[in-house]
Amino acid sequence: MVAASSVAAVFMGIGALVVRMKAAKKPASAKKIIMPPLFMSTGALMFLFPMFRVTGMEFLEATAVGLVFSILLIKTSDFEIRGNDIFLKRSKAFPIILLTLLIVRIVGKLVLSTSIDVGELGGMFFILAFAMILPWRIAMFKKYNRLKRKMPAQSGIMTEKTAF
């Protein structure tokens with residue numbers, strides 16, 4: 001079970017890298033920044049099942065690790081204005097950080113799976129991921145809005161979205 005979930009994590013990590021690289025080619029929007037944590041939050045339904053429930057200390061540990069990891073993501077995510085749009089800046093460090101986080105996750109899972117039940121471990125890693133993604137996306141949203149306010153007013157300019 002641990003090996004299968006580790007393989008799945010590798011594929012999800014590669015998928016995240018591909019999505020991030022493609023996202024940098026398209027203009028950013030508040031919706032694109034806010035939606036991932038909202039969609040991910042539905043995963044908390046896993047805690048309805050007793051096998052995924054964690055203790056208070058496990059919750060605090062997973063949250064603390066997630067918050068520390070979020071700092072790396074926040075530092076490597078920035079926006080720039082290109083033309084009339086705001087784009088996510090490409091960061092050479094982001095893929096390295098994402099791969100490092102993936103390796104840390106896999107090693108952590110292998111080590112912790114000997115002492116923590118697989119279901120609880122799954123719950124802890126969900127909490128860790130959510131505690132990492134939520135502050136990162138909030139910081140991105142603030143950076144995006146700060147840049148958006150600096151942009152000149154776009155009244156009367158026709159775009160694809162307003163043309164129809």
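Residues numbered from 1 in each chain as written. Predicted model: local features only at pLDDT ≥ 70, side-chain atom pairs only at ≥ 80, totals over all residues. Heavy atoms only, no water.

### Observations concerning the layout of surface pockets
Move 1: The space that makes up the largest pocket amounts to roughly 1200 Å³.
Move 2: Lining the largest pocket are 38 residues, with Met12, Ala16, Leu98, Ile133 and Trp136 positioned closest to its centre.
Move 3: Listed by contribution, the elements that provide at least two residues to the lining of the largest pocket are helix H1 (2–23), helix H2 (30–41), helix H3 (56–75), helix H4 (93–112) and helix H5 (118–150).
Move 4: A per-element tally of the lining of the largest pocket places H5 first, with 10 residues.
Move 5: For the lining of the largest pocket, a count of residues per class yields 29 nonpolar, three polar and six charged. (1 Å grid on protein atoms, 1.4 Å probe; cavity = no way out; pocket = protein on both sides within 12 Å on 5 of 7 lines; lining within 4 Å. Points joined across faces, edges and corners; volume = space filled by probe spheres on them. Helix = DSSP H or I, 4+ residues; strand = E, 2+ residues; numbered from the N terminus. Nonpolar A, V, L, I, M, F, W, Y, C, P; charged D, E, K, R; others polar.)

### With respect to the packing of aromatic side chains
Move 1: Evaluation of the coordinates by the stated rule reveals three aromatic pairs.
Move 2: On the numbers, 6.0 Å between centres and 65° between planes, the contact of Phe47 with Phe126 is edge-to-face. Of this pair, Phe47 sits in the loop between H2 and H3 while Phe126 sits in helix H5, and the two are 79 residues apart along the sequence.
Move 3: Judged by centre distance (5.9 Å) and plane angle (70°), the rings of Phe79 and Tyr144 are edge-to-face. (Phe/Tyr/Trp six-rings, centres within 6.5 Å; stacked < 30°, edge-to-face > 60°.)

### Notes on empty space enclosed by the protein
Unfilled space is identified by rolling a water-sized probe across the atoms.
Move 1: A complete count under the given rule lists one cavity of 30 Å³ or more for this structure.
Move 2: If you add up the space inside the largest cavity, you get close to 40 Å³.
Move 3: Surrounding the largest cavity, Arg20, Met21, Ala24, Arg90, Ser91 and Phe94 form its lining.
Move 4: Considered class by class, the residues forming the lining of the largest cavity number three nonpolar, one polar and two charged.

### A look at the packing of H4 against H5
Move 1: Where H4 meets H5, the axes come as close as 11 Å, and the angle between the chain directions of the two elements is 160°. In terms of their interaxial angle, H4 and H5 are classed as roughly antiparallel. As H4 runs across H5, the sense of the crossing is right-handed. On the side of H4, the interface is formed by Phe94, Leu101, Arg105, Gly108, Lys109 and Leu112, while H5 contributes Leu121, Phe125, Met132 and Trp136.
Move 2: Grouping the constituent residues of the contact of H4 with H5 by class yields seven nonpolar, one polar and two charged. (Axes fitted to C-alpha atoms, helices over the stretch in contact; angles between N-to-C directions. Parallel < 35°, antiparallel > 145°, perpendicular 65-115°, else oblique. Left-handed = near helix turned anticlockwise from the far one by under 90°. Contact = heavy atoms within 4.5 Å.)

### Quick word on the pattern of salt bridges
Move 1: In the structure shown here, the tally under the stated rule is one salt bridge.
Move 2: Notably, a salt bridge pairs Arg82 with Glu80, separated by 2.9 Å at the nearest N-O pair.
Move 3: Accessibility expressed as a relative area gives 36% for Arg82, which makes it partly exposed.
Move 4: Glu80 sits in the partly exposed class, given a relative accessible area of 27%. (Salt bridge = Lys/Arg side-chain N within 4 Å of Asp/Glu carboxyl O. Buried < 20%, exposed > 50% of the residue type's maximum accessible area, 1.4 Å probe, protein only.)

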